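Here is how the chains run, residue by residue.
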Amino acid sequence: MTRGKLYQAYDEQFIGDVDYRLHNDSANNWWGELVFTEYRKVSDGDGYLIELEDGRRGRCSLKKKVNKAVSGIPPLYYHFFRGSGQLE
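Values in this document were obtained by computation on a predicted structure and should not be read as measured data.

Where strand β3 (residues 29-36) meets strand β6 (residues 76-84), seven bridges bridge the pair, whose relative direction is antiparallel. Bridge pairing in β6 links L34 to H79. The sheet contact formed by strand β5 (residues 57-70) and β6 spans seven bridges and is antiparallel. Bridged to K64 within β6 is H79.

Given below as structure tokens:
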């Protein structure tokens, strides 16, 4: 997995560092999965901005994958992320 950062999209407030895997990186539609490096509670839905390791950024939505987690207390859940438009 690769290291990135997640922000609130509306004010670019830093949420946390993430390890991510980008599964599809086409011109107008991209998606993958991520897990926070430390426990963070986030809501499903739109309103996030992901910054990839190479510096590209894009608005995305998150959905928690409840059946997949990294063991620990509290557990670090995987999240599915999806964005549209170009990663800039």
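So that's the structure; there's more coming.
Under the criterion given, the structure shown has three aromatic pairs. Seen in terms of ring centroids, Y7 and F14 are 5.7 Å apart; in terms of plane orientation they differ by 65°. Their pairing is edge-to-face. Taking the centre distance of 6.2 Å and the plane angle of 55° together, the rings of W30 and F81 count as tilted. Here W30, found in strand β3, pairs with F81, found in strand β6; they are 51 residues apart in sequence, far enough to count as distant. The exposure class of F81 is buried, given its relative accessible area of 0%. The side chain of R57 reaches across the aromatic face of Y7, ending 4.8 Å from its centre. The aromatic ring of Y77 is capped on one face by K64, whose charged end is 4.3 Å from the ring centroid.

Analysis parameters
- Residue indices follow the written sequence of each chain, beginning from 1 at its first position.
- Owing to the predicted nature of the model, reporting of local features is limited to residues with pLDDT of at least 70; listing and counting of side-chain atom pairs is limited to 80 or more, with chain, interface and lining totals taken over all residues.
- Computation of side-chain values covers all heavy atoms of the structure but excludes hydrogens and water.
- A pair of strands is considered paired only if DSSP assigns at least 2 bridges between the two.
- Secondary structure follows DSSP: runs of H or I at least 4 residues long count as helices, runs of E at least 2 residues long count as strands, and numbering of each begins at the N terminus.
- Aromatic pairing here means that ring centres of Phe, Tyr or Trp (its six-membered ring) are within 6.5 Å. Orientation follows from the plane angle: under 30 degrees is stacked, over 60 is edge-to-face, and everything else is tilted.
- Each residue gets one of three labels from its accessible area relative to the maximum for its type: buried under 20%, exposed over 50%, partly exposed in between, using a 1.4 Å probe on protein chains only.
- The rule is short: NZ of Lys or CZ of Arg within 6 Å of the ring centre and within 35 degrees of the ring normal puts a charge over the ring.

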